[in-house]
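# Structure assessment
What follows is each chain in one-letter form.
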Amino acid sequence: QKEVEQNSGPLSVPEGAIASLNCTYSDRGSQSFFWYRQYSGKSPELIMFIYSNGDKEDGRFTAQLNKASQYVSLLIRDSQPSDSATYLCAVNKGGTGGFKTIFGAGTRLFVKA
Amino acid sequence: EAGVAQSPRYKIIEKRQSVAFWCNPISGHATLYWYQQILGQGPKLLIQFQNNGVVDDSQLPKDRFSAERLKGVDSTLKIQPAKLEDSAVYLCASSREPDTQYFGPGTRLTVL
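Residues numbered from 1 in each chain as written. Chains lettered and ligands numbered in written order. Predicted model: local features only at pLDDT ≥ 70, side-chain atom pairs only at ≥ 80, totals over all residues. Heavy atoms only, no water.

All names here are of chain B. Within the element layout of this structure, asparagine 52 appears in the loop between strand E5 (44-50) and strand E6 (53-56). Spatially, the C-alpha atoms of asparagine 52 and lysine 71 are 6.2 Å apart, while their sequence positions differ by 19 residues. Filtering out sequence-adjacent residues up to four positions away, asparagine 52 remains in contact with Arg69, Lys71 and Gly72. (Helix = DSSP H or I, 4+ residues; strand = E, 2+ residues; numbered from the N terminus. Contact = heavy atoms within 4.5 Å.)

A word on the pairing of strand E4 (residues 31-37) of chain B. All names here are of chain B. When you tally the buried positions in E4, you get 7 out of 7 residues, the bulk of the element. Here E4 shows two buried faces, one formed by Thr31, Tyr33, Tyr35 and Gln37 and the other by Leu32, Trp34 and Gln36. Here 6 bridges tie E4 to E5, and the two strands are oriented antiparallel to one another. Across the sheet, glutamine 36 pairs through a bridge with lysine 44, a residue of E5. Joining the antiparallel neighbours E4 and E5 is a turn of 6 residues, in which glycine 40 adopts a positive phi near 85°. Pairing of E4 with strand E9 (residues 88-95), which is carried by 7 bridges, proceeds in the antiparallel orientation. The residue of E9 that forms the bridge with tryptophan 34 is cysteine 92. (Buried < 20%, exposed > 50% of the residue type's maximum accessible area, 1.4 Å probe, protein only. Pairing = 2+ DSSP bridges.)

In structure tokens:
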């Protein structure tokens, strides 16, 4: 079982629709959760982070965390073609000497104009 | 505020050759990370520094990879000798707090 799992996609949604991206993680001791966006040929950039159960909203983006079920999701409202990218879920868990970040393989999102 | 700097941006070498990558983190960021990202996969942590000490290098292939962070600022990652499977993008990231990471542009390595 991978430590952080994501559906590789591609996920295709029409412009203006809601895109829903999901991520599950295996370590119950995981403490913080991140969504990064990565355009083709570029490096990851942070979109959102979430630490507590529930929803966190930032503009068109909403992150949802359910620690009991060990999943994190990202909703993108009013999807735009510019949102087409790979979305990486990342999880921080404690380790010897500090924390460790584990990335999922990413979900490719296509937003059709 | 300047971002994370990396060089070179691209490198092509023959297998069994050596290569080194350089990273300069954002000023004031104590934590520095090196990741390997193979096409179609997520970044894999190779090594994590806190100032100039190693926090985690459990996934660093130590028979061929080495990294150092002198004076707790710049860092270099070396591969010697390179193998075909080392072809990847090598990403450097830094953070002030133990969470939000900022990535550099990466170095794309091709091993022929």
